[in-house]
Amino acid sequence: MKKIPRIILSLMLIIQIGASCRLCIAAEKNIGLTDNAADSSSIAEKGISYSEYREKNKDAQYPEISVSTDVPNIPLKEKRAVSVRVSVESGGWYQVAVTYEADTSKGNDIQVSFLIDGVLPFKEADGISLGRIWKENQESGEDGVLVQEQVPGSQTARLSAGNVYSDEKSFFFFTRGDHTLTLESRCGALKLSNITLCSQKAAATYKEYLKSLENSGKIPENIDVQPQYIEGESVSLKSHASVKSAADYSSCITRPYDVKKDLINTFGGENWSGKGQWGEWRFETEKAGFYKLCFRYKQNYKSGAYSVRRLTIDGEVPFKEAEDIDFNYDLDWRVLTLGGDEPMYVYLEPGTHTLRIEVTYGNLDGVLSDVQECLDEMNVLYRNVMMITGATPDSQRDYDIEAALPDTPRLCKELSKRLYSVIDRLVKNTGKKGSETAVPEKTAIQLAEFSKDVETIPQRLSAYNSNISSLASWLISAKQQPLLLDYIQVAPINSAAPPANAKWYRSLWNEIKRFIVSFTENYDNI
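As the structure is a prediction and not an experimental result, all values here were calculated from the model.

Novice: Explain the pattern of salt bridges to me, using residue names and the numbers behind them.
Specialist: According to the stated counting rule, one finds 19 salt bridges in the structure shown. Across the pair Arg-334 and Asp-330 runs a salt bridge, and its minimum N-O distance is 4.0 Å. With relative accessibility at 30%, the residue Arg-334 sits in the partly exposed group. Under the relative-accessibility criterion, Asp-330 is labelled partly exposed at 28%. Through salt bridges with shared partners, one network takes in Asp-126, Glu-184 and Arg-186.

Put into structure tokens, the structure is as follows:
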């Protein structure tokens, strides 16, 4: 019985020594752990928006240096925070990159807050998403069902918390001197290994890309290799479990294809539509040289519009034009060559490469941002008018809106003008007016009428509210960027593009065979 107290005392001593060692190591590396992190949400309510934050220090420079701080794989659980001391030699705007490994016990995105010297730099810094890495395992599933597995491993991401529509990662302003950076986990756990303040390196244009290669003796010319096909369903890694491969039998030349059964032979679709969602493929090249990339895809989801993707190879955007690749609408399959009618080639060395395709908004980001701002102001106007008229205005009463809200004519005229600008940009991008411009145009017309006679607003308040709802639904739809990918062809520059669709006689024969096979199918097992 006397041995038990001694054992307890020994265990307490070991725990105390371990805790002291951990604090010593953290102190030596200017790293601090906090169990009860500050309530950053209360700070966020008093803070400024990202646009106001950028405007406040708009004349600051963008130093082309990096400040990196290693963190010894500190586990960061929910509601805990880690603080790191950094010394900034040149003040200005920096992006913040974090290297981390996500805890695989959960599947949702990790939500963190980022503070500088104990304060949120702007309100949106209270809800920054950090992604996870997933893969598909068809062999583990039953009856061809894909099993989604989370992949443990380190990844690096630049914090993005500003304009949700912009592809630009967030910039943070630092004065010269020492600062404390705090990363707090709001939802989900991770292991943090590095925080780096870095500059944004703009991608070179295709002409600049070619020029730099020509200066080192690398000139676009054909090489003696066979075209290879990177199948969409062979995706190595991806950003979300919901983004997955699928079976498609709408074309008999989709690879692979079997008339008797539906094979998993494509990647994406409607589930691959959210900003930041990506798929990554690995492939081999035998010889160094320039290669042409062709994508066989279907985008029959957004009539009169297009979906946008960003292409990276081995973690880098090869040239600026690859940041914004448009996949146009069509009811049938299409083949897109990178660069379009004037192909843009990528230079690859022999060996293994990774190719990532990521959902982005491209030149739609300004359109979506403007519509969101218009919606916000339209909602404010609706509430202000309703405070005067009530929910059901009296059609026989004169509410004298212009006297109560004198800025309304100017506001309606400005909002109408901005929506017409949105329509012009959409037409410029798509080449025609269509269903994608109908809702903004209807709303712009109504606002223009309001600007001429604001006293008609009470009688048309219900229609105005309906237009606000329609425009909000339009915005939600416009943010979706669905795309179904069959394969990516990597080929010598003189190779012909693959066919988008089968010849009519081959399609006819395929339908006949499918009809015959349908009589032998055992539908009891479906």
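What follows continues from the structure just given.
Novice: An account of helix α9 (residues 461–479) is requested, with residue identities and associated values reported.
Specialist: Three- or four-residue spacings in an α-helix give side chains the same orientation, since the helix completes a turn every 3.6 residues. Between its terminal C-alpha atoms α9 stretches 27 Å, which fits the 27 Å expected from 19 residues at 1.5 Å a residue. Taken together, the buried positions of α9 are occupied by Leu-461, Tyr-464, Asn-467, Ile-468, Leu-471, Trp-474, Leu-475 and Ala-478. Viewed along the axis of α9, the buried residues span an arc of 130°, placing them on a single side of the element. Facing away from the buried side of α9 by more than 90 degrees, the exposed set consists of Ser-462 and Ile-476. Buried positions along α9 lie against α5 (365–389), α7 (408–430) and α8 (435–452).

Novice: Quick one: what's the story with a negative patch on the surface, residue by residue and with numbers?
Specialist: Taken together, Asp-398, Asp-400, Glu-402 and Asp-453 make up a surface patch of like negative charges. Looking at the element boundaries, Asp-400 is found in the loop between α5 and α6 (401–404).

Novice: Can you explain unusual backbone geometry? Please cite residues and give values.
Specialist: Put simply, Arg-255 and Pro-256 share a cis peptide bond, and its omega is -15°. Turning to its location among the elements, Pro-256 is positioned in the loop between β15 (245–247) and β16 (264–269). One non-glycine residue, Asp-314, adopts positive backbone phi at about 55°. Relative to the helices and strands, Asp-314 resides in the loop between β19 (306–313) and β20 (325–328). Here Asp-400, not a glycine, exhibits a phi torsion of approximately 50°, which is positive. For Asp-400, a relative accessible area of 39% puts it in the partly exposed group.

The rules behind the values
Residues numbered from 1 in each chain as written. Predicted model: local features only at pLDDT ≥ 70, side-chain atom pairs only at ≥ 80, totals over all residues. Heavy atoms only, no water. Salt bridge = Lys/Arg side-chain N within 4 Å of Asp/Glu carboxyl O. Buried < 20%, exposed > 50% of the residue type's maximum accessible area, 1.4 Å probe, protein only. Helix = DSSP H or I, 4+ residues; strand = E, 2+ residues; numbered from the N terminus. Expected span 1.5 Å × (residues − 1). Arc of directions from axis to C-beta. Contact = heavy atoms within 4.5 Å. Patch = residues over 30% accessible without salt bridge, like charges linked within 9 Å, V, L, I, M, F, W, Y side chains within 5 Å. Areas by Shrake-Rupley, 256 points an atom, 1.4 Å probe, with all protein chains shown as cover. Lys, Arg positive; Asp, Glu negative; His and termini not counted. Charge placed at Lys NZ, Arg CZ, Asp CG, Glu CD.

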